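# Remarks on the overall topology
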Amino acid sequence: MQPWATLVGVITLLLAAPDVLAVKSHDFKTCSQAGFCRRGRALSARAAEAGGKWKSPYSIDSSSISISPNNAVFTASVKSSIYPEIHFGLELRVHEDGVVRVRMDEINGLRKRYDEAASWALIAEPKISQDISWTTGKKDIRAKYGNNEVVVAFEPLTVSLLRGGKPQVVLNGRGLLHMEHLRSKKIEETKTEEAAPQAEEGVEDQAVADQAVLKTEEVNPAAWFEGDTEDDWWEERFSSWTDSKPKGPESLSIDISFPSHGTIYGIPQHATKLALPTTAGDSPFFTDPYRLYNADVFEYLASSPMSLYGSIPILHAHSTDSTVGIFHAVGSETWIDVSHASEKSTETHWISESGILDLFLMPGPTPADVFAQYSTLTGTPVLPPHWSLGYHQCRWNYVSSDDVRTVQRRFDEEDMPVDVFWLDIEYADEHKYFMWDDKNFPDPVEMTNDVAANARKMVVIVDPHLKRTSNYPAYQEASDRKLLVMPASGEGEFEGWCWSGSSSWIDFFNPNAWDWWKSLFKTTQLKSGWSWTLSTTDIHIWNDMNEPSVFNGPEISMPRDNVHHGGWEHRDIHNINGMLFSNLTSRAVQERTDPPQRPFVLTRSFFAGSQRFGAMWTGDNLGTWEHMAVGISMVLSNGIAGMSFAGSDVGGFFGNPEPDMLVRWYQVGIFNPFFRAHAHIDTKRREPFLLEQPYKGIIKDILRLRYTMLPIWYTAFRETSVTGVPVLRPHYVMFPKDPKGFALDDQYFIGNSGLLVKPITSKGTIETTVYLPEDEVYYDYFSHHVYRGATKGKDITVKAELDQVPVFVRGGSIVPTRERPRRSSPLMKLDPFTLRVSLSKAGSARGDLYLDDGVTYSHEKGQFVWREFTAQTAKKTVRITTRDLGVEKKDAAVDGVALVSYNPSNVFAETIKEVRVEKIVVEGLSGKPSSVKAEGGEELIWEFAAGVAANGKGEGVASVLTIKDPRVLIVKEWAVIIQL
């Protein structure tokens, strides 16, 4: 047996025992085991001990200030009192949208610091404001714009963003800024033994001579600030690995304070609450800082600041007055301490291993503004293919092409909808991705075509490690082209171990790798080189293990002193690495066809900007109630950081959940943007059709509910793809002035649909509490029961038996659904719609519906339908109407495209011109109608059930008017008149 096979076998055995092992915390560093984090925390401790006597050594040389001719850019030299010979440069830019970019770098240093993180994250160089004027004083320089002001104090150096004269964000206010300059390692002189100095004549004893020797010893003037030891400057050991650190110390420390904001969100990915708990200060919730270092952590803890698979260095700071944000474009390992000096303020301390200071201060002042400002920088979430919002069925592994066919057949026999079947690593011969195992998958194209015959797709895994063997075209071509990551020597190919055994990794920082990687996914034979001809355009891709995971590497990853294109060390770009892999894979899938089609790529590792390329999931979770619950918080947190297309593995990757837990998992899953069931190779098969009744029936209804709501999800994704506001919206996003909702992370809204959801994540629950944040009516989605909120918020108690998931429609919403069950979502294209009109207390309602072909990019050329529906009550008449938003808001319809014109009779609209509204349900009317008509038409067929009115005072089942076949079309203007 080959050595690597033994290793993989051992790993497989370890994975098979989740109940015994849990997370191997000793495989991953704590702050105290990371030299630069230890130094950063020690710096913070010295500052705290010194109190008011502490002063940052960094200051601005006021004589060096330079302002660009258009007044938009300010630069200056920064001095360090402890290293006066080292020079730093500061640059501030104010963007058109009010964002302030703060950059600080070492000038003419011994070597160049890594400064390219922003170039990978940003979609373009931000546009600079032309309306800025800097005013230089004796102690500072400042610029006012609108209600905002940025102030740069000279000594000590601080940068403050103010709104209405009130500090919002302060950099270096606690004096923890420290950019460890690049230096040469001191070579200790070889000393020979010398005779001890003899006392001179007239000297009574040896003391004076000894003192003379002591005076020659070097005194470190920076010790008060940096400490008096070279703590892991030039070499660092962890477990059995040694990091050579050829560049020496180069870390960056910066304190970022939010004096007016007591709640913060963001910096995913961590398994913790949405509102981030403390890690420092008095009685911190966690004792280690939050870590951003993409890592392959299986069976992670359900509450921990440990790093997980992705890293997005963004924070939102929130209060009843405003929301602000910061984005730190740094790609190296970063630790963040969080504390609160008061209930209304937050202090954070960022410690990064390498890189420059490149901070973007987002002034808000609303959550929506911050989302827009961040989206302008890094892009909005992608508008995915419509089918990818359906149900995905996966496990490690479907073992053969016949197994896939059987699973599909069983779904169809049980009338359970599903859109995608997945294949994990076992499809690939010796885990050589792209290369089918001929024994178990002898007919991959035919298998895929059988799936596609039911308008379904396949997703197949392609990991970044390439098996080092000459009979594997992907590896051999990458090796011949010198596209692989190099070891610390900077020569040859790094060799590590992963599922494929002895493996190498493509260096996607090398531009020469890009077109080559995309060529591999072509489904037709190329003139030269290998391509995946045993594939079809109905196969999409799953990128796993892209942190990167290296089984025999430090912290299950790549050595930090490995070398990438341009000579950069892996430590500099670690957190960016996984994004480039999924980015290029997404483009490869997109460009298989001409014209391009929308790709679906799932990634485990991600960075700022990954939202532009596909979906993510929360990794190797456990089938436990705790993981079910924290998965919701994690998906919400990812949405805040731009990654809206997110979800957790339904059922948990590890373990064998009991049927009741599996039901609750599916209830969570249908209200995640990305909805996939997945399981470990050693778990029992748990496809929903295998369950006994009543569980099978309950899950079947759950799946159908997801498909009924697909118009809601797709419409929400359109808005997110334009505005950046997440698909799943926590309470602070919807109601930013309600402090009772700031920490809520177990209930949330879906887009602007008005749907409020609270999945159940605890065993044996038969009722639960739901918070209503406003003085408005909320309708139970299933029973039409009316609940009334209050001006200061109100808790209500609702039933939550196993077959019930609390879902509410906010009064004032119109919700479009498709009620006819189908096998897969593409088969619903011509199905009619149901409009649910949930009247507000004021008797009004609105909602919108977005449709396009769901596959191509024709929507960017105006091939779509976007309608708004409204209901208005005037005296005793309720009027339900529709209008064409494509005509009225063509410049805001599609991400990145300002349409010059829009034709309501576009090609796509013509394909659905016969699609009708088959039912309108109105809840909350004040009485039974005397007449219901389509404007200009005859009396319609309708039924009325008396009940509670929206404008009443009591609770109970709402009045419900059901209009059957109102004889109106989705793409046309119409009105329905209800006369009371």
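Looking at an unreviewed UniProt entry, one finds the protein chain named Glucosidase II subunit alpha, with Favolaschia claudopus as its source organism. Under the heading Subcellular location (unreviewed entry), UniProt records this for the protein chain: "Endoplasmic reticulum". Per UniProt, the protein chain carries the Pathway (unreviewed entry) text "Glycan metabolism; N-glycan metabolism."

All right, on to the confidence of the model for the protein chain then. For the protein chain, per-residue confidence averages 94 on the pLDDT scale, and residues scoring 70 or more make up 95% of the total. Segment residues 1–21: pLDDT under 50, and 28 contacts once partners within four positions in sequence are set aside and those in other chains are kept. Low pLDDT, under 50, characterises residues 199–216; the stretch is placed with seven contacts to residues that sit more than four places away or in other chains.

Counting across every chain of the model gives 71 salt bridges. Here K55 makes a salt bridge to E155, at a shortest N to O gap of 3.3 Å. With K55 in the loop between α3 (35–50) and β1 (58–67) and E155 in the loop between β7 (148–153) and β8 (158–163), this pair connects stretches of sequence that are 100 residues apart. Accessibility expressed as a relative area gives 58% for E155, which makes it exposed. With a closest N to O distance of 2.8 Å, R291 and E333 form a salt bridge. Note that R291 is positioned in strand β15 (residues 290–292) and E333 in the loop between β17 (323–328) and β18 (334–339), a separation of 42 residues in sequence.

Ordered by their spatial adjacency, three strands build an open sheet running β24-β26-β25, and the pairing between neighbours is antiparallel. Strands with a single pairing partner mark the edges of an open sheet, and in this sheet they are β24 (465–467) and β25 (496–498). Neighbour-to-neighbour, the strand axes of the sheet open up by a mean angle of 60 degrees, direction not taken into account. Examined bridge by bridge, β24 and strand β26 (residues 501–505) share three bridges and lie antiparallel to one another. Residue pairing for β26: L466 is matched across the bridge by S504.

To continue, consider unusual backbone geometry. The omega torsion of the bond from G364 to P365 falls at 15 degrees, within 30 degrees of zero and hence cis. The residue P365 is located in the loop between β20 (357–362) and α7 (367–378) in this model. Cis peptide bonds are those with omega within 30 degrees of zero, and the linkage from W396 to N397 qualifies with 15 degrees. Along the chain, the position of N397 falls in the loop between β21 (392–393) and α8 (401–413). Of note, the phi angle at N172 is positive, near 65 degrees, even though the residue is not glycine. Note on placement: N172 falls in the loop between β9 (166–171) and β10 (178–179). In this structure N172 comes out as buried when scored by relative accessible area, which is 3%. Even without being a glycine, I267 presents a positive backbone phi close to 40 degrees.

Annotation from UniProt places "domain: Glycosyl hydrolase family 31 C-terminal" (unreviewed entry) at residues 724–815. The span residues 724–815 is 4% helical and 38% strand by assignment, and the distance between its end C-alpha atoms comes to 21 Å.

So, on to the side chain of S605. Here S605 is to be found in the loop between β28 (601–603) and β29 (615–617). Among the polar contacts made by the side chain of S605, one reaches the main-chain carbonyl oxygen of Y309 at a distance of 3.1 Å. Excluding its chain neighbours within four sequence positions, the residues that come into contact with S605 are N294, Y309, N546, E547, G578 and M579.

Strand order across the open sheet formed by eight strands is β1-β2-β3-β4-β20-β17-β16-β14, with antiparallel pairing between neighbours. Looking at the sheet topology across the chains shown, the edges are occupied by β1 and β14 (263–266). Neighbour-to-neighbour, the strand axes of the sheet open up by a mean angle of 20 degrees, direction not taken into account. Bridge count for strand β4 (residues 100–107) against β20 is five bridges, and the pairing is antiparallel. Residue R103 lies in a different strand from β20, and its bridge partner there is D358. Here α7 sits on the sheet in contact with β16 (314–318), β17 and β20, set at roughly 20 degrees to β17.

Calculation criteria
- Residues numbered from 1 in each chain as written.
- Predicted model: local features only at pLDDT ≥ 70, side-chain atom pairs only at ≥ 80, totals over all residues.
- Heavy atoms only, no water.
- UniProt positions renumbered as here; feature names shortened; annotations may be inferred.
- pLDDT = per-residue confidence, 0-100.
- Contact = heavy atoms within 4.5 Å.
- Salt bridge = Lys/Arg side-chain N within 4 Å of Asp/Glu carboxyl O.
- Helix = DSSP H or I, 4+ residues; strand = E, 2+ residues; numbered from the N terminus.
- Buried < 20%, exposed > 50% of the residue type's maximum accessible area, 1.4 Å probe, protein only.
- Pairing = 2+ DSSP bridges.
- Axes fitted to C-alpha atoms, helices over the stretch in contact; angles between N-to-C directions.
- Polar contact = N/O pair within 3.5 Å; in protein donor to acceptor, adjacent residues only side chain to side chain.

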